[in-house]
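Breakdown of the fold
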Amino acid sequence: MEAESEPYVRLATMRQLHQAVADLNTARSLADTLQSVADGIVTGLGYELGCVNLVRPDGDLVVAAFAGNSAAESLITGRVGSRASWERRLSMGEAWDELRFIPHSEGWVLLDDDVPQWHTDGPEPRFEDEWHPLDRLYAPMYASGGGLDLLGVISVDRPRNGRRPGAWGREALQMYASQAAIAISNARLRANMQRALVRLEREQQALRASEESFRQAFEYAPSGMAIAEMGGDQRGRLLRTNDALCRLLGRPASVLRRYSFADLVHPEDIGTLLRTSAEGGRAELRLGRRDGTYLWVSLRNSVVADTTDGPRFLLTHVEDIEERKRNELNLAHRASHDALTGLPNSAELRSRLAARLCERPHSAVTSSVVEALDAAYGDLESAALGYGTGYEAEVAPGVGPYDHHVHIVAPDPDRDDGTKGLAVLFCDLDGFKSINDRFGHHAGDAVLIEVARRLTTCVRDGDTVARLGGDEFVVLADGLGGADAADLAVRLRNAIIPPIRVDGRAVRVGASFGIGWAECGMTEEEVLHSADQRMYVEKRSRSKVHRRAG
């Protein structure tokens, strides 16, 4: 019978399929598309019930649309069947190409699983190809019309002619499932695009609001702010500066755009700037102003991306810390300098001495270097025989062959061999106590101030003149031989001897000098004590007439 009407069946099936597919393309939203798929099964393909089961993000399938029975639609729409139960169904029964038919003789085992089900009532079949109420027919829908990426499953029930679909009916259902998968994918894509457009518009609005907020915060910030390049040939160049930074540096924005912070930083602070990291880096340094002066500022860096994958810029916050830095420097100077004379005090003197000394005497350092080299390279003969293969040797800290400390040695007092050392000249004023007693502490202070000035004018840049306290001074002079130190002591004594005018009267003080030498292996206390002892020896050896003052 079916063979005799095959041309008619083909034509009718193609017309039904064409109309059903056309209806799919008229839907506007994903929900409308899903319902169109279900309706097309009933109105276009001639089944009494049609159900669309859609794969959720978690893999389970939900009844997304139903057609053919309003009671069944309200009962099972939105219900979920597990992915495992669906995979079991799609592996049972008979494979009609991509369709899956489960006859009632096998499907009874599925009555109690978790897949939502609905069947129409009807009599038992009388013919072999007649549809049974418990027969099941599924049409899987795959993304892009095929493959293994399951998009959903169309389930149908009871063809209206009461018979199992023939070859053309099966092919029509399979083609419809393929077209439905394309329509659903397109609907999802449109829905995602619409959501993306809405989200993009919201993000753009938020971005515009954020940019305006940033612009106002940047422009009207009370402290300086700058945006600089992070890459390319213009790395570090200032792209944008606010009014506060322009006022701080005394330069207009158009001029600042020609520079980077490296061009403006004080030469002594360039290392600090280069060591400051881009992300979260902080530094305190000096920036040059238009008038040639330098201003202490605090820099705080952060990285700002223009877009997700776009160029990155360096945002730098510049805060004026000139007053704080001045106060800190004043406090540090007061802590390390004598309040009366302005000279380095005893603590600062000891600190400068300690920085030049190490714990090992020069002779021990020399021998340790030789031993370290011997240990590092080993015995060449043993190495040639294979007995020595080590390249590392344990070297005492601070005495290795690559020790950068410049070790200090003292000149030989018995002969002039050209050795230069760090001379320590201990000065004690003669006759100062009588001036204090006769004229008062005010006069004594004036004498100390003038003596400090005269001592400072007689030494080189880099030498240290310090006041230990009372009427005691110490001079540190590096690179001197024995004769050089003696000549310096004479010059200093001759500078002190001339009269000093205090309150309209001339007073005189003398000076006794002891010359000591700083040497590695000594402590700063030992160095000062040695010079102090030699000063007392010198003081006792001189006649009283030469030490009189007042």
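So, here is what we can say about the structure in this document. Predicted model only: the values in this text are computed from it and were never measured.

This part covers the packing of helix α16 (residues 441–458) against helix α17 (residues 482–496). Between α16 and α17, the shortest axis-to-axis distance is 9 Å and the interhelical angle comes to 145 degrees. Crossing of α16 against α17: the hand is right-handed. Across the interface between the two elements, Val-451, Arg-454, Leu-455 and Cys-458 of α16 pack against Leu-488, Arg-491, Leu-492, Ala-495 and Ile-496 of α17. In the contact of α16 with α17, the residues fall into seven nonpolar, no polar and two charged.

For Thr-276, the location among the structural elements is in the loop between α10 (270–275) and β10 (282–288). Residue Thr-276 is classed as buried on the basis of its relative accessible area, which comes to 16%. For Thr-276, the contacting residues outside a window of four places in its chain are Gly-281, Arg-282, Ala-283 and Asn-301.

Attention now goes to the sheet that holds strand β13 (residues 421–430). Two strands in a sheet stick together by hydrogen bonds in their backbones, pointing the same way (parallel) or opposite ways (antiparallel). Strands sit in the order β14-β15-β13-β18 across an open sheet of four strands; the sheet is antiparallel. Looking at strand neighbours, the two that pair on one side only are β14 (464–469) and β18 (510–518), the edges of this open sheet. When strand polarity is set aside, the average angle formed by the axes of neighbouring strands in this sheet is 25 degrees. In terms of strand pairing, β13 meets strand β15 (residues 472–480) through seven bridges, oriented antiparallel. Looking at the pairing, Leu-425 lines up with Val-475 of β15.

Counting 33 residues, the largest nonpolar core has Val-37, Leu-137, Met-141, Ile-154, Leu-173 and Tyr-176 as the members making the most contacts within it. Elements that contribute at least two residues to this core include exactly α1 (6–24), α2 (30–43), β1 (47–55), β2 (61–67), β5 (99–102), β6 (136–142), β7 (150–159) and α6 (167–219). With seven residues, the single largest contributor to this core is α6. Setting aside its immediate chain neighbours within four residues, Leu-137 contacts Tyr-47, Trp-96, Leu-99, Arg-100, Phe-101, Trp-131, Ile-154, Ser-155, Val-156, Pro-165 and Leu-173. In terms of nonpolar packing, the next biggest core, distinct from the first, is built from 31 residues, Ala-423, Ala-443, Val-451 and Leu-480 among them.

Calculation criteria
Residues numbered from 1 in each chain as written. Predicted model: local features only at pLDDT ≥ 70, side-chain atom pairs only at ≥ 80, totals over all residues. Heavy atoms only, no water. Axes fitted to C-alpha atoms, helices over the stretch in contact; angles between N-to-C directions. Helix = DSSP H or I, 4+ residues; strand = E, 2+ residues; numbered from the N terminus. Left-handed = near helix turned anticlockwise from the far one by under 90°. Contact = heavy atoms within 4.5 Å. Nonpolar A, V, L, I, M, F, W, Y, C, P; charged D, E, K, R; others polar. Buried < 20%, exposed > 50% of the residue type's maximum accessible area, 1.4 Å probe, protein only. Pairing = 2+ DSSP bridges. Core = buried A, V, L, I, M, F, W, Y, C linked by side-chain atoms within 4.5 Å.

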